[in-house]
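Listed below are the residues making up each chain.
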Amino acid sequence: MPPSFVLQNKEKLEKLKSQADQFCQRLGKYRMPFAWTAIHLMNIVSSAGSLERDSTEVEISTGERKGSWSERRNSSLVGRRSLERTTSGDDSCNLTSFRPATLTVTNFFKQEGDRLSDEDLYKFLADMRRPSSVLRRLRPITAQLKIDISPAPENPHYCLTPELLQVKLYPDSRVRPTREILEFPARDVYVPNTTYRNLLYIYPQSLNFANRQGSARNITVKVQFMYGEDPSNAMPVIFGKSSCSEFSKEAYTAVVYHNRSPDFHEEIKVKLPATLTDHHHLLFTFYHVSCQQKQNTPLETPVGYTWIPMLQNGRLKTGQFCLPVSLEKPPQAYSVLSPEVPLPGMKWVDNHKGVFNVEVVAVSSIHTQDPYLDKFFALVNALDEHMFPVRIGDMRIMENNLENELKSSIAALNSSQLEPVVRFLYLLLDKLILLVVRPPVIAGQIVNLGQASFEAMASIINRLHKNLEGNHDQHGRNSLLASYIYYVFRLPNTYPNSPSPGPGGLGGSVHYATMARSAVRPASLNLNRSRSLSNSNPDISGTPTSPDDEVRSIIGSKGLDRSNSWVNTGGPKAAPWGSNPSPSAESTQAMDRSCNRMSSHTETSSFLQTLTGRLPTKKLFHEELALQWVVCSGSVRESALQQAWFFFELMVKSMVHHLYFNDKLDAPRKSRFPERFMDDIAALVSTIASDIVSRFQKDTEMVERLNTSLAFFLNDLLSVMDRGFVFSLIKTCYKQVSSKLYSLPTPSVLVSLRLDFLRIICSHEHYVTLNLPCSLLTPPASPSPSVSSATSQSSGFSTTVQDQKIANMFELSVPFRQQHYLAGLVLTELAVILDPDAEGLFGLHKKVINMVHNLLSSHDSDPRYSDPQIKARVAMLYLPLIGIIMETVPQLYDFTETHNQRGRPICIATDDYESESGSMISQTVAMAIAGTSVPQLTRPGSFLLTSTSGRQHTTFSAESSRSLLICLLWVLKNADETVLQKWFTDLSVLQLNRLLDLLYLCVSCFEYKGKKVFERMNSLTFKKSKDMRAKLEEAILGSIGARQEMVRRSRGQLERSPSGSAFGSQENLRWRKDMTHWRQNTEKLDKSRAEIEHEALIDGNLATEANLIILDTLEIVVQTVSVTESKESILGGVLKVLLHSMACNQSAVYLQHCFATQRALVSKFPELLFEEETEQCADLCLRLLRHCSSSIGTIRSHASASLYLLMRQNFEIGNNFARVKMQVTMSLSSLVGTSQNFNEEFLRRSLKTILTYAEEDLELRETTFPDQVQDLVFNLHMILSDTVKMKEHQEDPEMLIDLMYRIAKGYQTSPDLRLTWLQNMAGKHSERSNHAEAAQCLVHSAALVAEYLSMLEDRKYLPVGCVTFQNISSNVLEESAVSDDVVSPDEEGICSGKYFTESGLVGLLEQAAASFSMAGMYEAVNEVYKVLIPIHEANRDAKKLSTIHGKLQEAFSKIVHQDGKRMFGTYFRVGFYGTKFGDLDEQEFVYKEPAITKLAEISHRLEGFYGERFGEDVVEVIKDSNPVDKCKLDPNKAYIQITYVEPYFDTYEMKDRITYFDKNYNLRRFMYCTPFTLDGRAHGELHEQFKRKTILTTSHAFPYIKTRVNVTHKEEIILTPIEVAIEDMQKKTQELAFATHQDPADPKMLQMVLQGSVGTTVNQGPLEVAQVFLSEIPSDPKLFRHHNKLRLCFKDFTKRCEDALRKNKSLIGPDQKEYQRELERNYHRLKEALQPLINRKIPQLYKAILPVTCHRDSFSRMSLRKMDL
């Protein structure tokens, strides 16, 4: 207000103020509705989420005229937390993106007193959504309200529960608390009660006093919660409003001024006492409030009373009420009656009609509010308290009737609502279990309720499972039930009311009293473990109040961190599978692969003390449960099977509690449980197994669950019961499955189930110990009483292996499977499934391999087995694995194929694999499947192992093969060396070779791929293999202690060391779940550099480790066989693997050891290399040379040493090392020819090292050895120099091939090396798709081989040297060995390569035929096969002959089909001029280019190429094809002259060259024409136009082994103008003849040729030619003949024109008649003009024939020939 106004009206204002004071004092405690507004939350949420800012401010105001809600937002608050909840309304919205927002509300509406009901408000809201006139009638009120809305944090501080209790004690009381509001979810929420909550909400709704006499207009209702009838009995349990005391005794509703039937909007919240009696009731008192202060009028006048009793028949009374109102105070003892009862002498408003509407809602963990549950709990409580009779509802149940009622109430539990069942689930299950364990005594009789309770449990559990599907974990277990077993369940004590000795009643009765009349607080409240923050979303939760509370309801689990309590983590997810406890000694449960397990035991002495001195229970729950389960049938049994896991886990927990509380954990296992119980278990397992077997096809999903549950159950029993007994159970299951398998056509589903079963059992933490890894393979004398695991753990690995029959340890023999039972089962499964004859099991390969792989991984990372000796024991359990994998060699994925080498060197054909009798898998495999140890089968072999002849092997996937090989390497790495050695001694040569094949495959499989590969794979495809790589790493990343390994080997010890690859000896990444990088990788596809580096590092470590294991194994093999007589073939195999590993990418660490081994092998067995395995010797030289050029110094020095020793040894054996010399030279040649990244500098260094060795070798100083070495090294340096040149010309294919050609030529005297280089050239040509040239190289190679073979052995069917190959190519003769310096093939080390054999020759020819075929030269294919066929005929090889004839048929049919469509080469003459070209200066070549190459293309290519080399301004292309005058050229430039040339044939040749192929094969002469005139111009008039024909002859015929060939001879023919004219006319005539006789006819072509011949417009056409040359007889007699020839040409020409016209006439349509006539007219004109010229003969030519003179020569062409050589 303005100050002036205040001064003027000072008195008025004072008066107003005092009035306000009075009113507040008098009426302050009453309220009245004033104004209302509405906020559209959806808009707020969606706009708060959509804005990009951190927070929002929303202003809501509604203008007078505008009805819609407009919103204005701007940013203010900070921070954002996501909150995932959905509203329970119909429009659910996503709150994840919700940001804090501030709402400013500015529009309020006056609250009309008569329009307070909900219906009125709903109407207003509907009007607000759309503009309407209704809102205009509302009175707006100006005000402003600000509200901050932000998402709640996960764990708010200073939090109050709905009961106003502090969730955690406040450290500082001055902070504003956060209050949690209890929600009433719209849909049922299924969460069990875990906290005490007992609240009542009262909602007065409306009152109708319209018919009440007297004044009652300003009405308020006072609500009180009374425990008696005296007014002072009101209880302070009503929650106060803000700024008031916490609890008050009464609450008032708001007053609506002058309204006799007001509506109310209050919610009154009451804290119910834990125990209610019949006298507790709600009292409502109605008052009229006097606003004006009059005399004698009290402030409030009571105008009515009504009440609601809280208990009715022992049940809480809630719901909607419409109560009558009494005008006077209720009489005595009213509280037990309901106001509906007409009490005598009372006055009621409106004649005892209901006038007051009120709703009462309870939220309670004490009152079930479900009649069926109530009845059950009340009866059970009555039994506990022995209070009879029991009143339930209107019934009174006497003791004699109790049994039937109890049974019916148990049966009726199924009818109750699901929501209360879940809320009281734990209590319910506890009570049912109590009834099973402690049968009640009713009227002196013990009543057995076991069956009824079991049925009820089964049905409740099934019901939960069906209805709460979203609540299952990965094993399909309902999380509520899992947490019940894990946290809540424990064995009930026998005596209900015995005092509880333990803290918080632990060990006392799990006695949850019920809602009935017992006055004590029920013990169920001990469950008060944590205050859940929200009912409908258990994810938002508090933390437990105290550890004591926790202990009360859990038998505390060792080290159980509370975050795992399912209440806190939101239930389901945290309750782990298999959470059944096990004996304390074994309480560290193994981590099953599916999830963590926890053992639930404490071992605190104080705890045990509290549990002593108690009487035993009457019945043991697990025994009773097993019994009930075995005897049940029908639907109950079905329910139990559906949820078998629950009963199994319950049983195990009960067994463990029983052992624990009866101090039996240290008792021997055999005496822990009675016979009866064990029989029940056996029966149960057997029936469940038969269920699995019989129903697996129908109820697949259910059987899978059942199978898993059974397996986990047996796994748990292994921890608790006698192991022998459990093994017998496993055997039972196996027998059932096996007997079924016989009858199945496709066994894979059942076998897959059995695999799952086995996998789970084998995940037991003491799996290794259970397999008795130390016992020897002799039948056990007596089953020793089982020692507790603690002791067996230490003694487990002490005994040593006796020298018994080793084979038993490596086969799945009966003793092996008896002794190592589980391992035997696992390996048998593997053997059976991987067996190639096992039909229908192919799909399970991956599964079974992974099972074995995972087992080995877990042993490997298990700290208990880190000691190498213990590891060797563990590996012993898997020795038969080696044999099994050896059986599968033909099926393994062939990793070698990706290599550039040939496929893997299987030394034995697949047929040999089958025929081999000493098979690795003994007959007993079959028995194992049947679970029997004595053969009882009538059929020979096993149902899965029937052998089919000539079977097709299915190949495993790369991933499976890799896993399998990893397993093999793990066993080889960790097995005891002596044991392996003994076994290798027993193996046949065939089997040892097979083992070597496996190792060969391992080398390829684990080859290091390098970072680049990872970068390439760094895309979606990588996701698949990540998991795999993690597993691999887990298996073998035993960070090969590279240092120790090296030190050890460098001391020359070649034996294995257990510590050589001690796991974890370096700080390597261990794959724990919490550290795994791979997991996140699946989300983001692109890996960072670091990750790629890391992956490459792992891959490298794995490669090195794998190869070192292979090397160790090879050494054991060598040690084993060096004493046997079969060593040759084996050592060859060893060498092959060694060489293969040298060829792959390897780490420096590995290579050093590898070279050491190789040197040892060569020094021990030199004759092996130099006499038998000559090819391997060549291979070794190549590998060593390759490593001599390595960039790593250490590798170079090792490789040089190896190479030097190789030569030295060879020299020592025969005082001549021609062989090694030869092979080193060949190796270098092929290395140079093929290797891309070969470093010449490093290789020179290595050669220098070798030279130094030779010079300093004192022993051999006097021999020729040093000189020979020097010779060799010099020779190698020469090759290297050529190589350097080749490197320079890497980009110039022609020059490169020329160089290779030159090198090959240099080796003319050494056939092996020439062959190598010819093959290098063939390879280069193939790369460039010059197939014809590649074929020629191969033909030359074959000719070379044939030449030397014919010297070695004279066989009729073999080709007689090169001559035989002449038909294929005339160039081949250069391969003939006729010069003086040809070496004789008998000499040491000559022609020793693999190609200098008959099969080598055949191979070369076959390759040649293939290349010719690719080049389209099918005629040559025929010629090649002509040489091959006699060889195959002589060998009677029908198979090969049939293939060849098939290919010939293909070739000839292609010749027919592709007639006229084949294109071979295009030829160009290229001359180089200029000193820049070096060797090439003034050289002329004929280049062969691909078909249809244009002059411009080759010109562009050469110009571009040389331009790049010398500079673009230096290179110049000479455009014409005239002879080049060197003097006129610029000496600083490089000139290239390129001319298109055509093959040239003399007339006599044309007889033989008929087909297109003939005219394009074996070409040596080419021609090009140059027009000129005598005065120097290129073109002139007809009579002065000369032409020069240049004929080039090349040194070799095309196609040759290179694409450019030198021109060796050149001749020129000069044609005079008349001869030029004759050639032109002949050409025209030929064209006409061709067009006329073409079939099918081509009218267009014909008309084109005709037009050119007879058209009038043709310049220099035929007529002009005739007029120039035929108009007069030449004066020079030398030209008579030409004149006559031309005349005859014209004669022929006119004749052809006529034929062509006639033909055209027959072809044209009516539209071309005129055109035809025009052509004919032209023709006649031409003919007339030519007539006189044609008919004029030269008389001299037609004189009488004279005697022959010697002057005829003057007419020969030679007169004008100019020779140019």
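Residues numbered from 1 in each chain as written. Predicted model: local features only at pLDDT ≥ 70, side-chain atom pairs only at ≥ 80, totals over all residues. Heavy atoms only, no water.

(A) Quick look at the packing of helix α18 (residues 675-695) against helix α19 (residues 700-720). As a packed pair, α18 and α19 sit with axes 10 Å apart at the nearest point and diverge in direction by 150 degrees. Relative to α19, the element α18 is oriented roughly antiparallel. Classified by chirality, the crossing of α19 by α18 is left-handed. Contacts from I681, V685, I688, D691, I692 and R695 in α18 reach M702, V703, L706, N707, L710, F713, L714 and L717 in α19. Classifying every residue of the contact of α18 with α19 by side-chain character gives 11 nonpolar, 1 polar and 2 charged. (Axes fitted to C-alpha atoms, helices over the stretch in contact; angles between N-to-C directions. Helix = DSSP H or I, 4+ residues; strand = E, 2+ residues; numbered from the N terminus. Parallel < 35°, antiparallel > 145°, perpendicular 65-115°, else oblique. Left-handed = near helix turned anticlockwise from the far one by under 90°. Contact = heavy atoms within 4.5 Å. Nonpolar A, V, L, I, M, F, W, Y, C, P; charged D, E, K, R; others polar.)

(B) Up close: the pattern of salt bridges. The final tally for this structure, using the stated rule, is 58 salt bridges. For E1105, the salt bridge identified is with K973, shortest N-O distance 2.5 Å. One end of the pair, E1105, is in helix α39 (residues 1089-1121); the other, K973, is in helix α32 (residues 958-974), and 132 residues separate them in sequence. Residue E1105 is classed as buried on the basis of its relative accessible area of 1%. For K973, a relative accessible area of 11% translates into the label buried. (Salt bridge = Lys/Arg side-chain N within 4 Å of Asp/Glu carboxyl O. Buried < 20%, exposed > 50% of the residue type's maximum accessible area, 1.4 Å probe, protein only.)

(C) Highlighting the pairing of strand β27 (residues 1484-1490). For β27, the tally of buried residues reaches 6 of 7 residues, placing the bulk of the element in the interior. Where strand β26 (residues 1465-1473) and β27 come together, 7 bridges link them in antiparallel fashion. Note that in β27 the partner of R1469 across the bridge is V1486. Where β27 lies against strand β32 (residues 1604-1615), 3 bridges are found, and the strand directions are antiparallel. Of the residues in β32, the one forming a bridge with F1485 is N1606. (Pairing = 2+ DSSP bridges.)

(D) Summary view of a negative patch on the surface. On the surface, a cluster of negative charge is made up of E1291, E1503, E1508, E1512 and D1513. With respect to the helices and strands, the residue D1513 is situated in the loop between α54 (1495-1510) and β28 (1515-1518). Given the relative accessible area of 63%, D1513 is considered exposed. (Patch = residues over 30% accessible without salt bridge, like charges linked within 9 Å, V, L, I, M, F, W, Y side chains within 5 Å. Areas by Shrake-Rupley, 256 points an atom, 1.4 Å probe, with all protein chains shown as cover. Lys, Arg positive; Asp, Glu negative; His and termini not counted. Charge placed at Lys NZ, Arg CZ, Asp CG, Glu CD.)

(E) Structural context of the environment of N1367. Here N1367 lies in the loop between α50 (1331-1352) and α51 (1398-1415). Here the alpha-carbon distance between N1367 and N1562, two residues 195 residues apart in the chain, equals 9.7 Å.

(F) Broad picture of the side chain of T1594. Looking at the element boundaries, T1594 is found in strand β31 (residues 1586-1598). When its relative accessible area of 0% is taken as the criterion, T1594 is described as buried. Polar contacts involving the side chain of T1594 include one to the main-chain carbonyl oxygen of H1596, which spans 2.8 Å. Other than its neighbours up to four places away in sequence, T1594 contacts V1486, L1563, R1564, F1566, V1605, N1606, V1607 and T1608. (Polar contact = N/O pair within 3.5 Å; in protein donor to acceptor, adjacent residues only side chain to side chain.)

(G) Quick look at the environment of N1239. Among the secondary structure elements, N1239 is positioned in the loop between α45 (1218-1234) and α46 (1240-1256). For the pair N1239 and S1191, spaced 48 residues apart in the sequence, the C-alpha separation amounts to 7.9 Å.

(H) Unusual backbone geometry, seen in detail. Look at the link from F1598 to P1599: it is a cis peptide, with omega at -10 degrees. You can see P1599 is positioned in the loop between β31 and β32. For N351, which is not glycine, the phi torsion reads 60 degrees and is therefore positive.

(I) Here's a closer look at the nonpolar core. Formed by 317 residues in total, the largest nonpolar core has its most connected members in W629, F646, L714, I730 and I882. No other element matches helix α17 (residues 644-661), which puts 13 residues into this core. If we ignore the near neighbours within four places in the chain, the residues touching F646 are L429, M457, I461, L481, Y484 and I485. Among the nonpolar cores identified, the runner-up in size contains 35 residues, and V223, V270, F284 and V358 belong to it. (Core = buried A, V, L, I, M, F, W, Y, C linked by side-chain atoms within 4.5 Å.)

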